[in-house]
Amino acid sequence: MKKVEAIIKPFKLDEVKEALSSIVMQGLTVSKVERSGRPKVKLAVVVSDELVAQVVDTIERAARI
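Notes on the structure follow. Note that this is a predicted model, so its numbers are computed, not measured.

Attention now goes to the packing of helix H1 (residues 13-21) against helix H2 (residues 52-63). For any two helices packed against each other, the geometry comes down to the angle between their axes and how far apart the axes lie. In the contact formed by H1 and H2, the axes pass within 9 Å of each other and the chain directions differ by 145°. Handedness of the H1/H2 crossing: right-handed. Residue-level inspection shows Glu15, Val16, Ala19 and Leu20 of H1 in contact with H2, the latter providing Val55, Thr58, Ile59, Ala62 and Ala63. Of the residues belonging to the contact of H1 with H2, the class tally is seven nonpolar, one polar and one charged.

The next subject is the environment of lysine 42. Along the chain, lysine 42 falls in strand S3 (residues 38-47). In this structure lysine 42 comes out as partly exposed when scored by relative accessible area, which is 27%. Considered as a pair, lysine 42 and leucine 20 are 22 residues apart in the sequence and their alpha carbons are 14 Å apart.

Counted according to the given criterion, the structure contains four salt bridges. Lysine 42 is the partner of glutamate 5 in a salt bridge, and the nearest nitrogen-oxygen pair spans 3.7 Å. Of this pair, glutamate 5 sits in strand S1 (residues 2-8) while lysine 42 sits in strand S3; the two residues are 37 residues apart in sequence, bridging distant segments of the chain. The partner of glutamate 15 in a salt bridge is lysine 12, and the shortest N-O contact between them spans 3.3 Å. Residue classification places glutamate 15 among the partly exposed residues on the basis of a relative accessible area of 42%. When its relative accessible area of 9% is taken as the criterion, lysine 12 is described as buried. Among the ionic contacts, a cluster of salt bridges with common partners joins Lys3, Glu5 and Lys42.

Assignment of secondary structure puts lysine 12 in the loop between S1 and H1. When sequence neighbours within four positions are dropped, the list of residues in contact with lysine 12 reads Ala62, Ala63, Arg64 and Ile65.

Right, let's talk about the pairing of strand S2 (residues 28-35) for a bit. Bridge count between S2 and S3: eight bridges; the pairing is antiparallel. Each residue of the ladder has a partner; that of leucine 28, found in S3, is valine 45. Adjacent in sequence and paired antiparallel, S2 and S3 are bridged by two residues, among which serine 36 carries a positive phi angle near 55°.

Rules used in this analysis
- Residues numbered from 1 in each chain as written.
- Predicted model: local features only at pLDDT ≥ 70, side-chain atom pairs only at ≥ 80, totals over all residues.
- Heavy atoms only, no water.
- Axes fitted to C-alpha atoms, helices over the stretch in contact; angles between N-to-C directions.
- Helix = DSSP H or I, 4+ residues; strand = E, 2+ residues; numbered from the N terminus.
- Left-handed = near helix turned anticlockwise from the far one by under 90°.
- Contact = heavy atoms within 4.5 Å.
- Nonpolar A, V, L, I, M, F, W, Y, C, P; charged D, E, K, R; others polar.
- Buried < 20%, exposed > 50% of the residue type's maximum accessible area, 1.4 Å probe, protein only.
- Salt bridge = Lys/Arg side-chain N within 4 Å of Asp/Glu carboxyl O.
- Pairing = 2+ DSSP bridges.

Written out as structure tokens, the structure reads:
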């Protein structure tokens, strides 16, 4: 099991959650964070080792502007 964390723009949250729902949605933690005065959203999800690359790729594609 691995924990995958990502910091994304808040308006991309729904797109990322929707994209991840097809892979794994056993549990997703969402927190607000501030970085250099800009509010962001931090996602954390725990997945099996086999799904790590797929989850990271999915988050990258869905969060891309």
